[in-house]
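Observations on the model geometry
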Amino acid sequence: VVTYLIAPAVERLRDAAPTTRRGRPISRSLTVLAIYGAIGAAALPVWVLAGHRVASAVERMYALVPEHTARFIDQLRASEGWADSLGFPSTIQDTVARVTRSVSRSVQHEARSLAEELSGIKRLLPWLSIVPVVAFLLLTRWTRFRRSTTRVLPTPHLQWRGNEFLRNLNSLLAAYTR
C-alpha cells in the first residue's frame, strides 16, 4: 500500500530533480530514499516530543482491554433477561430467552477472542517496520523482480503466465490502494 501511495511522489521528484552528469534522471532507489528521509525527518520530532505519550497509551490500552472485555460480557449476561419482562406465553418466552442466550454466548465468545488477539498483537508491532522496506524494494526493483522471477520458470508458456500473473498482481495492488 505504501508503495503505491508514494509512487507518484517518486516520479514527480525524479522529473523535477536535476539530471546526473550523463543526462539521466537520478535513480529510483535514491529518490525513494530521499522521500523516506523526508518522512523520517518530519516524523522524528513528533516522535521525540510525543512518543512517550503514545507508548504509555499503548501500555494502558493493553491493561484496560481485559477489564473492558469483562465489563462488556457482564453487561451482555445482564441483558439476557430482557425477554422475561415482555409477558409472552411461556413457550414463546422460553424460545426468545434461548435465542437471546445463544446470541449472547456467541458475542461473548467473540469478545474474548478479540481481547486475546489484541493482547497478542503487541509482539507483532515491531514487524510493522518491515512494511517500508518491502515497499522500497517493490517500488525500486519491481521490474527486475518480475523479469528475474519469470526467467526462472522452465517453459516459455509458464514464463508468459508468470509474467501475466505478476502484472495482474501489480494492477490489483494499485487498484486496491485507490
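Analysis parameters
- Residues numbered from 1 in each chain as written.
- Predicted model: local features only at pLDDT ≥ 70, side-chain atom pairs only at ≥ 80, totals over all residues.
- Heavy atoms only, no water.
- Helix = DSSP H or I, 4+ residues; strand = E, 2+ residues; numbered from the N terminus.
- Buried < 20%, exposed > 50% of the residue type's maximum accessible area, 1.4 Å probe, protein only.
- Contact = heavy atoms within 4.5 Å.
- Areas by Shrake-Rupley, 256 points an atom, 1.4 Å probe, with all protein chains shown as cover.
- Patch = residues over 30% accessible without salt bridge, like charges linked within 9 Å, V, L, I, M, F, W, Y side chains within 5 Å.
- Salt bridge = Lys/Arg side-chain N within 4 Å of Asp/Glu carboxyl O.
- Lys, Arg positive; Asp, Glu negative; His and termini not counted.
- Charge placed at Lys NZ, Arg CZ, Asp CG, Glu CD.
- pLDDT = per-residue confidence, 0-100.

1. Topic: the overall build of the chain
Check the secondary structure of the chain and you find 5 helices and 0 strands. Along the chain, from the amino end to the carboxyl end, the secondary structure elements read α-α-α-α-α. For the chain, the proportion of its 178 residues judged to be buried stands at 21%. Summarising the internal contacts of the chain: among those between residues at least 6 apart in sequence, 62% fall at separations of at least 24. Approximately 13,200 Å² of the chain is accessible, and the part contributed by carbon and sulfur atoms is 65%.

2. Regarding the environment of Ala 97
Within the fold, Ala 97 resides in helix α3 (residues 90-121). In the structure, Ala 97 is positioned 15 residues away from Trp 82 in sequence and 8.2 Å away in space, judged by C-alpha atoms.

3. Some remarks on a nonpolar patch on the surface
Residues Leu 124, Trp 127, Ile 130, Val 134 and Leu 138 make up a contiguous nonpolar surface patch of roughly 450 Å² in combined accessible area. Residue classification places Ile 130 among the partly exposed residues on the basis of a relative accessible area of 35%.

4. Focus on the side chain of Gln 93
When you line up the elements, Gln 93 lands in helix α3. Not counting residues within four places of it along the chain, the set of residues in contact with Gln 93 comprises Ala 83, Asp 84 and Phe 88.

5. Here we look at a positive patch on the surface
Among the surface-exposed residues, Arg 141, Arg 144, Arg 147 and Arg 151 lie close enough to one another that they form a single positively charged patch. Secondary-structure assignment places Arg 147 in helix α4 (residues 130-152).

6. Brief notes about the confidence of the model for the chain
One rule of thumb: low pLDDT means the predicted coordinates there are not for detailed reading. For the chain, per-residue confidence averages 78 on the pLDDT scale, and 83% of positions sit at 70 or higher. Model confidence for the chain, summarised as mean pLDDT per element, is weakest for helix α1 (residues 2-16) at 66 and strongest for α3 at 84.

7. Some words on the side chain of Arg 146
Within the secondary structure, Arg 146 sits in helix α4. Put simply, Arg 146 is tucked away with no salt bridge, and the nearest opposite charge, on Glu 164, sits 8.4 Å away. The contacts of Arg 146, once residues within four sequence positions are left out, are Asn 163, Leu 166 and Arg 167.

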